[in-house]
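# Residue-level structural notes
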Amino acid sequence: LTAELDGTLPYDNEEWIQIRLLLEEFTWKAMDLLGKLNQLRELLTSIELPDDLGGAKLMIEDHNTVRHKVVKAPIEDLETEAQVILERIGCSAQSKNSGATACSNADFLKAAPQITQLLDNLQASRQHLQQLWHTRKMKLEQCFQQRLFEQDVEKVTRTIIIRRNTGHKETNK
């Protein structure tokens, strides 16, 4: 029981509300970021390739902006925020070493592993996206080289046809 009910359980309602709000805000931000990273994953796993050289150049440029989004995902900010929350609820290694009451609230005891799991999921998702990005980059570059080759073959073919037609007309004169 809490002190108000002649017990010994330390409880501060204001503190509980503040921590609960921090937890909910952190969870919302982390889940939102996971959703955005998932959208990027879907984009990176697309099998669509351009049909022409201009489209290939454009897709490579767009692909580079995706890399920027992956690298700049605010995971480190969320890690810092999570560390503050864990210290506040007494579940971090620092707070345990300093003698703070480690995870005395059952709600927060359950929240600590969830926070850690969300951070792990974010890190794993970013790492997976970086691998997908690299793979897709290679495919786009190969596609670009193929479209460039096709364009060169078309030019050579047109030149041969023009020379044959021009040479054929000259011999008829």
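### A look at the overall build of the protein chain
From N to C terminus, the protein chain includes five helices and zero strands. For the protein chain, the α and β elements follow one another from N to C terminus as α-α-α-α-α. In the protein chain, which comprises 173 residues, the proportion classed as buried is 28%. At a minimum sequence separation of 6, the contacts of the protein chain that also span at least 24 residues come to 77%. For the protein chain, the exposed surface amounts to about 12100 Å²; the carbon and sulfur share of it is 54%.

### Details of helix α2 (residues 53-71)
Over its 19 residues, α2 extends 27 Å from the first C-alpha to the last, a length consistent with the 27 Å expected when each residue adds 1.5 Å. The complete set of buried residues in α2 reads L53, A56, M59, H63, V66 and V70. For α2, the angular spread of buried residues about the axis comes to 120°, placing them on one side.

### Re the nonpolar core
Core analysis: the biggest nonpolar cluster contains 28 residues, and F26, L37, I115 and L122 have the highest contact counts within it. Sorting the residues of this core by element identifies α1 (13-44), α2, α3 (75-89) and α5 (106-172) as the ones contributing at least two each. Look past the residues within four positions of L37 in its chain and what remains in contact with it is A73, I75, L122, S125 and L129.

### Quick word on the confidence of the model for the protein chain
On average, the protein chain scores 85 in pLDDT, and the residues at 70 or more come to 87%. In the model, residues 95-102 has pLDDT below 50 throughout and makes 10 contacts with residues more than four positions away in sequence or in other chains.

### Side note on the packing of α1 against α2
Orientation of α1 relative to α2, taken along the N-to-C sense of each, is 150°, at an axis distance of 11 Å. Relative to α2, the element α1 is oriented roughly antiparallel. Judged by the twist between their axes, the crossing of α1 over α2 is left-handed. On the side of α1, the interface is formed by L40, L43 and L44, while α2 contributes H63, V66, K69 and V70. Residue composition of the contact of α1 with α2, grouped by class: five nonpolar, one polar and one charged.

### Re the side chain of R136
In this structure, R136 sits in helix α5. Despite being buried, R136 has no salt bridge partner; E48 is the closest side chain of opposite charge, sitting 6.6 Å away. Those residues in contact with R136, other than ones at most four positions away along the chain, are L43, L44, S46, I47, E48, L49, M59 and H63.

### Notes on the pattern of salt bridges
Enumeration over the complete set of coordinates arrives at nine salt bridges. Linked through salt bridges whose partners overlap, the residues forming this network are E25, K29 and E81.

### With respect to α1
Taking 1.5 Å per residue as the helical rise, α1 with its 32 residues ought to reach 46 Å, and the 46 Å between its terminal C-alpha atoms agrees with that figure. Three or more residues of α1 are buried, namely I19, L23, F26, A30, L33, L34, L37, L40 and L44.

### Regarding the environment of Q151
Position of Q151 among the secondary structure elements: in helix α5. Spatially, the C-alpha atom of Q151 lies 7.7 Å from that of L53, the residues being 98 residues apart in sequence.

What counts, and at which threshold
- Residues numbered from 1 in each chain as written.
- Predicted model: local features only at pLDDT ≥ 70, side-chain atom pairs only at ≥ 80, totals over all residues.
- Heavy atoms only, no water.
- Helix = DSSP H or I, 4+ residues; strand = E, 2+ residues; numbered from the N terminus.
- Buried < 20%, exposed > 50% of the residue type's maximum accessible area, 1.4 Å probe, protein only.
- Contact = heavy atoms within 4.5 Å.
- Areas by Shrake-Rupley, 256 points an atom, 1.4 Å probe, with all protein chains shown as cover.
- Expected span 1.5 Å × (residues − 1).
- Arc of directions from axis to C-beta.
- Core = buried A, V, L, I, M, F, W, Y, C linked by side-chain atoms within 4.5 Å.
- pLDDT = per-residue confidence, 0-100.
- Axes fitted to C-alpha atoms, helices over the stretch in contact; angles between N-to-C directions.
- Parallel < 35°, antiparallel > 145°, perpendicular 65-115°, else oblique.
- Left-handed = near helix turned anticlockwise from the far one by under 90°.
- Nonpolar A, V, L, I, M, F, W, Y, C, P; charged D, E, K, R; others polar.
- Lys, Arg positive; Asp, Glu negative; His and termini not counted.
- Salt bridge = Lys/Arg side-chain N within 4 Å of Asp/Glu carboxyl O.

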